[in-house]
Amino acid sequence: MAAPMKMTSLLPQNLRVVIRPIQYRDLDTIERLASTSANSDTENEHQNGEPLQWLRRWYGFLKFLSWFPNPLRYRFCAYVAEQGRDVLGMVQVSPFNRTRTTWRVDRVMLERGIERQTIGSQLLRYCFESILEARTWVLEVNVNDSDALALYRRNGFQRLAEVTHWEITPDLLAELAESEPDLTNLLPVSNADAQLLYQLDTASMPPLVRQVFDRQTCDFKTSLIESLIDAVKLWVTKTEVVSGYVFEPQRKAAIGYFQITSDRQGKKPHVATLTVHPAYTWLYPEMLSQLARITQGFPTQSLRITSADYLQEGEECLEKIGATRIEHTLIMSRSVWHKVRESKFVSLEGIQLPDVLQGLQPARKPIPGGMSWRRGEKRGSGERMGNRHHSSDSVAFSSDGCADRGNCPGQMGENDQES
């Protein structure tokens, strides 16, 4: 009986769920989860990470880059939940800004037939505990995905904003391209315009969203290494990126920005983002016409656009021209509060010395008492007030500094002198 009981007690320990970084041998399972997962809520074309085929090809290079600090260190940061030899789920995260104070949950994929809430919570909490520099977490989830919403709310995520993704058909794009956009100060984007784009992004977002995203000027700049990597990626994927912004000379500010990614082979739809200053909402139809004219230089495809400025006028304009709602998502955030010691500067001017010493006055008038020469003798009331917690067998000191531990050498006690 002892041997079977011992084997039974070891079984739960061998089958416990272990969270670890993703490895190359997990890619086959991850591909299967990507096609059958019931919780791949953030795996959309407008938000998903690198394709798994591309990851299989560049896995060794990305693994090498993750060993030392560089702009591509967190290009693919993922963890899997493993029980025995079975992979039960995967979570992929990435920094949302350059300072890495805000991180994003890119995707969560879980195996069918398991406790998805439990395994998903373990994956998310592992990220929360292991990535210490993250103060805020954000994600985007479909409003109709009840399982994903329950998982994220269970782990502390709350509603931040709503985003609607639209699609413009090729026929409608051709119709919009016929009108000449009134954009006299349309300029290309460079690193020198980072401050202007940062100010536009700050003015267009709601205060709470701006605080959570925590973007700085550096988030709108591109380093040399990133430029080279993006150029190689565009060459491999046969895509092209066009971006521009509208400059207001009087205010010396950017009032509109767009970026569109097009497939030169015509296999994928165009993807664009649009940001407009709240005081210049009349730019929406003009910038949509500009996007439509850009798509005419590529194979015919539809345009998927996301209004990234959270303005009601943008959705009204897209609905007016006949765009189709393809998805309604919810941006959720989770904040990790850090205790910050706040120190207030106190000026010494105006502080009166009597006011300071007033709190040091005794509660009642002290009564003078004599000095005790015997060990264990009761002390005066004044000494008791000064030494409330002084024990009765503590050492008493004489007037010449000699401790009363019996009789001091070379001196006689008071009783000896009387005898």
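Just above, that's the structure.
Residues numbered from 1 in each chain as written. Predicted model: local features only at pLDDT ≥ 70, side-chain atom pairs only at ≥ 80, totals over all residues. Heavy atoms only, no water.

**Student:** What's the story with the sheet that holds strand β8 (residues 239-248) in this structure? I'm lost.
**Tutor:** Spatially, the twelve strands line up as an open sheet ordered β1-β2-β3-β4-β5-β12-β6-β11-β10-β9-β8-β7, and their pairing is mixed. The open sheet has two free edges, formed respectively by β1 (17-21) and β7 (186-188), since each of these has just one partner strand. Taking the axes of each pair of neighbouring strands and ignoring which way they run, one obtains an average angle of 25° across the sheet. In terms of strand pairing, strand β2 (residues 77-83) meets strand β3 (residues 86-95) through seven bridges, oriented antiparallel. Each bridged residue has a counterpart across the sheet, and for Tyr-79 the counterpart in β3 is Val-91. Each of β4 (102-110), β5 (136-142) and β12 (324-335) touches helix α5 (residues 146-154); the most contacted strand, β5, lies at about 165° to it. The sheet strands contacting helix α7 (residues 194-204) are β8, β9 (253-263) and β10 (270-276), and the helix crosses β9 at an angle near 100°. (Pairing = 2+ DSSP bridges. Helix = DSSP H or I, 4+ residues; strand = E, 2+ residues; numbered from the N terminus. Axes fitted to C-alpha atoms, helices over the stretch in contact; angles between N-to-C directions. Contact = heavy atoms within 4.5 Å.)

**Student:** Sorry if this is basic, but what is going on with the packing of helix α6 (residues 170-177) against helix α10 (residues 283-295) here?
**Tutor:** The geometry of α6 relative to α10 is characterised by a closest axis approach of 8 Å and an angle of 110° between their N-to-C directions. Regarding the angle of α6 to α10, the classification is roughly perpendicular. When the axes of α6 and α10 are compared, the crossing they make is left-handed. Contact residues: α6 offers Leu-173, Leu-176 and Ala-177, while α10 offers Ser-289, Ala-292, Arg-293 and Thr-295. (Parallel < 35°, antiparallel > 145°, perpendicular 65-115°, else oblique. Left-handed = near helix turned anticlockwise from the far one by under 90°.)

**Student:** Which parts of the structure should I look at to understand the side chain of Thr-306?
**Tutor:** Note on placement: Thr-306 falls in strand β11 (residues 303-307). Separated by 2.7 Å, the side chains of Thr-306 and His-165 make a polar contact. Beyond its immediate chain neighbours, meaning those up to four positions away, Thr-306 contacts Val-163, Thr-164, His-165, Ala-272, Thr-273 and Leu-274. (Polar contact = N/O pair within 3.5 Å; in protein donor to acceptor, adjacent residues only side chain to side chain.)

**Student:** Explain the packing of aromatic side chains here, please?
**Tutor:** Think of a pair of aromatic rings as described by two things: how far the centres are apart, and how the planes are tilted against each other in angle. On inspection of all chains with the given rule, the structure shows nine aromatic pairs. Plain terms: the ring middles of Phe-96 and Phe-213 are 4.7 Å apart, the flat faces sit at 50° to each other, and that makes the pair tilted. Note that Phe-96 is positioned in the loop between β3 and β4 and Phe-213 in helix α8 (residues 207-213), a separation of 117 residues in sequence. Exposure remark for Phe-213: the relative accessible area of 5% places this residue in the buried category. Between Trp-103 and Trp-137 the ring centres are 6.1 Å apart and the planes differ by 45°, which places this aromatic pair in the tilted class. Separated by 34 residues along the polypeptide, Trp-103 in strand β4 and Trp-137 in strand β5 bring together distant segments of the chain. Like Trp-103, the residue Trp-137 is buried in the burial classification. (Phe/Tyr/Trp six-rings, centres within 6.5 Å; stacked < 30°, edge-to-face > 60°. Buried < 20%, exposed > 50% of the residue type's maximum accessible area, 1.4 Å probe, protein only.)

**Student:** Would you explain the pattern of salt bridges in this entry?
**Tutor:** Oppositely charged side chains can pair when the atoms bearing their charge come close. Tallied over the full model, the rule gives 14 salt bridges. One salt bridge in this structure joins Arg-159 and Glu-162, with 3.5 Å as the shortest N-O distance. With relative accessibility at 52%, the residue Arg-159 sits in the exposed group. On the basis of relative accessibility, which here comes to 38%, the residue Glu-162 falls in the partly exposed class. In this structure, Glu-180 engages Arg-293 in a salt bridge whose closest nitrogen and oxygen atoms are separated by 3.4 Å. With a gap of 113 residues between them, Glu-180 in the loop between α6 and β7 and Arg-293 in helix α10 connect regions that are remote in the sequence. Residues joined in a network through salt bridges with shared partners are Arg-20, Arg-25, Asp-26 and Glu-82. (Salt bridge = Lys/Arg side-chain N within 4 Å of Asp/Glu carboxyl O.)

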